Amino acid sequence: MSANAEWLERSRRAVWHPCTQMKAHETLPLVPIARGDGAWLHDFDGRRYLDAVGSWWVNLFGHANPRINAAVSRQLSELEHVLLAGFTHRPVVELSERLAALAPGPLGHAFYGSDGASAIEIALKMAFHYWKNRGQTARTGFVSLSGSYHGETLGALSVTDVPIFRDTYAPLLHRHATVPSPDARAAIAGESARDVAERAARGLDAHLARHHATIAALIVEPLVQGATGMAMYDPHYLVRARELCTRYGVLLIADEIMTGFGRTGTLFACEQAGMAPDFLCLSKGITGGYLPLSCVLATDEIYDAFYADDAARGFLHSHSYTGNALACSAALAVLDIFRDDDVIEVNRAKAARWTALAAPLAGHPRVRDFRRRGMIWAFEVDTDRPDFARWCFAAGLARELLLRPIGRTVYFMPPYVVTDDEFALLAGRTRDIIDAA
Ligand SMILES: Cc1ncc(COP(=O)(O)O)c(C=O)c1O
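All values reported here derive from a predicted model rather than from experimental measurement.

About the criteria used
- Residues numbered from 1 in each chain as written.
- Predicted model: local features only at pLDDT ≥ 70, side-chain atom pairs only at ≥ 80, totals over all residues.
- Heavy atoms only, no water.
- Near = heavy atom within 4 Å.
- Polar contact = N/O pair within 3.5 Å; in protein donor to acceptor, adjacent residues only side chain to side chain.
- Areas by Shrake-Rupley, 256 points an atom, 1.4 Å probe, with all protein chains shown as cover.
- Pairing = 2+ DSSP bridges.
- Helix = DSSP H or I, 4+ residues; strand = E, 2+ residues; numbered from the N terminus.
- Axes fitted to C-alpha atoms, helices over the stretch in contact; angles between N-to-C directions.
- Disulfide = S-S within 2.5 Å.
- Buried < 20%, exposed > 50% of the residue type's maximum accessible area, 1.4 Å probe, protein only.
- Contact = heavy atoms within 4.5 Å.
- 1 Å grid on protein atoms, 1.4 Å probe; cavity = no way out; pocket = protein on both sides within 12 Å on 5 of 7 lines; lining within 4 Å.
- Points joined across faces, edges and corners; volume = space filled by probe spheres on them.

1. Notes on the site of the ligand
Part 1 of the reasoning: Neighbouring the ligand are Trp57, Asp115, Gly116, Ala117, Tyr149, His150, Gly151, Glu221, Asp255, Ile257, Met258 and Lys284.
Part 2 of the reasoning: At a separation of 2.6 Å, a nitrogen atom of the ligand approaches a polar side-chain atom of Asp255.
Part 3 of the reasoning: One of the side-chain nitrogen or oxygen atoms of Lys284 is found 3.0 Å away from an oxygen atom of the ligand.
Part 4 of the reasoning: When the ligand is considered free in solution it has 390 Å² of accessible area, and contact with the protein chains removes 84% of it.

Below, the structure written as structure tokens:
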């Protein structure tokens, strides 16, 4: 038995894998990974895969990055973890200070969780509790965009609008409203992306005008709705959403769990709309894909509404690993790389070169709506294959690519350290796959 075969068999017997019908692995083998190196993942039998999805959108600077490795090792010999209730430590203080300085608007306090979904739970609870502390107990509702994805714990799933994840658990979820998505692909003849954004904003206006007294917050994925299929939209929507939330006294939660840390071309997507949310949710790329860490940055005004003599007015929420020192040290190393390597500027030039390299793919007769925002490329494939996503995943592996289409949407979200040659290989081999679809 090869080393690969042994690990995948042991994994199938012992591990319940995420987001998976396990029976599918009777015919679609798991991929055991022995080690990572830059943009490549290597299995136990000498095969390699280019990580075109940044290992579920978390990896920014490659696997086994020497600078992040060094920072985490240094931290390991000082302090791995201490509870954050009643205690504090250097990495969490420095990280909070630096995030507050980088974030758009006066987002002066950072509350930590572990995964993205825990940040969403925190933001939803904080928004509700903020209004309660201000005596507005009727504000129990949330509004999200159609096609929104905010994670899969029950609170996060309640503001998620992706049927495959939501429908089974619908009886357990709170019912919250959805408003039209500004997805630029919804343009009708003669409409620009900005027009679609304005049309969607009018839908939000109508909803808030009617229901604002019972709404705690609007939650949005700024500029790109990822899990619904990389729906990209014009920043104008965020400008209008901010205006409308302010006008109707509704809080605005920016879920930048996927879009943050340079993915959309600026450090945070909100910057492209010159917009400051009331809550900024971060995770995924925050540690460069090393360790689970999430964070909610809240405005000083929100923080102040919890600051009181009464314990119950405080935010009595916690997770055991809140503010984990190793994860914070990885996050500090990530911020150092952004600063020292001028990553946002360098990525701008890279994205232009890579888009040019992808031109033959974009022009393929089966490719629809080829689009890019920052370091995210996406398109739909015109195919009759009902099993396209699964087929494409397997076809990618056969060509040394880790692709994970969402339905018929293929996307690239590679680590920023991918070289031009590697991106050319990715685009060229993906074109071969589309040829065969
Ligand atoms: C926009 C957005 N919010 C929340 C989440 C949930 O994050 P996690 O999977 O870490 O719980 C995701 C994950 O893909 C996401 O893309």
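That shown, we press on.
2. Thoughts on the sheet that holds strand E16 (residues 409-412)
Part 1 of the reasoning: The three strands lie next to each other as E13-E14-E16, forming an open sheet whose pairing is antiparallel. Strand pairing shows two members of the sheet lacking a second neighbour, strand E13 (367-373) and E16, which therefore form its edges. Going from strand to strand, the sheet's axes swing by 15 degrees on average, the running direction of each strand aside.
Part 2 of the reasoning: Pairing between strand E14 (residues 376-381) and E16: four bridges, direction antiparallel. Its bridge partner lying in E16, Phe379 is registered against Val410.

3. Details of the state of the cysteines
Between two cysteines, a covalent bond joining their sulfur atoms is known as a disulfide.
Part 1 of the reasoning: On inspection of all chains with the given rule, the structure shows zero disulfides.
Part 2 of the reasoning: The structure places no disulfide on Cys328, whose sulfur is separated from the nearest cysteine sulfur, that of Cys295, by 8.6 Å.
Part 3 of the reasoning: Sulfur of Cys392: no disulfide; nearest cysteine sulfur belongs to Cys19 and is 16 Å away.
Part 4 of the reasoning: Residue class for Cys392 comes out buried when judged on its relative accessible area of 0%.

4. What to know about the side chain of Ser283
Part 1 of the reasoning: If you trace the backbone, Ser283 turns up in the loop between strand E11 (279-282) and strand E12 (294-298).
Part 2 of the reasoning: When neighbours within four sequence positions are excluded, Ser283 is seen to be in contact with Ser114, Asp115, Gly116, Ile257, Phe261, Leu293 and Ser294.

5. Some details on the layout of surface pockets
Part 1 of the reasoning: Volume-wise, the second largest pocket comes out at about 740 Å³.
Part 2 of the reasoning: If you go around the second largest pocket, you meet 26 residues; those closest to its centre are Ala110, Phe111, Tyr303, Phe315 and His317.
Part 3 of the reasoning: Counting only elements with at least two residues in the lining of the second largest pocket, the list comes to helix H4 (90-102), strand E4 (109-113), E12 and helix H10 (300-306).
Part 4 of the reasoning: Here the lining of the second largest pocket takes four residues from E4, the largest share from any one element.

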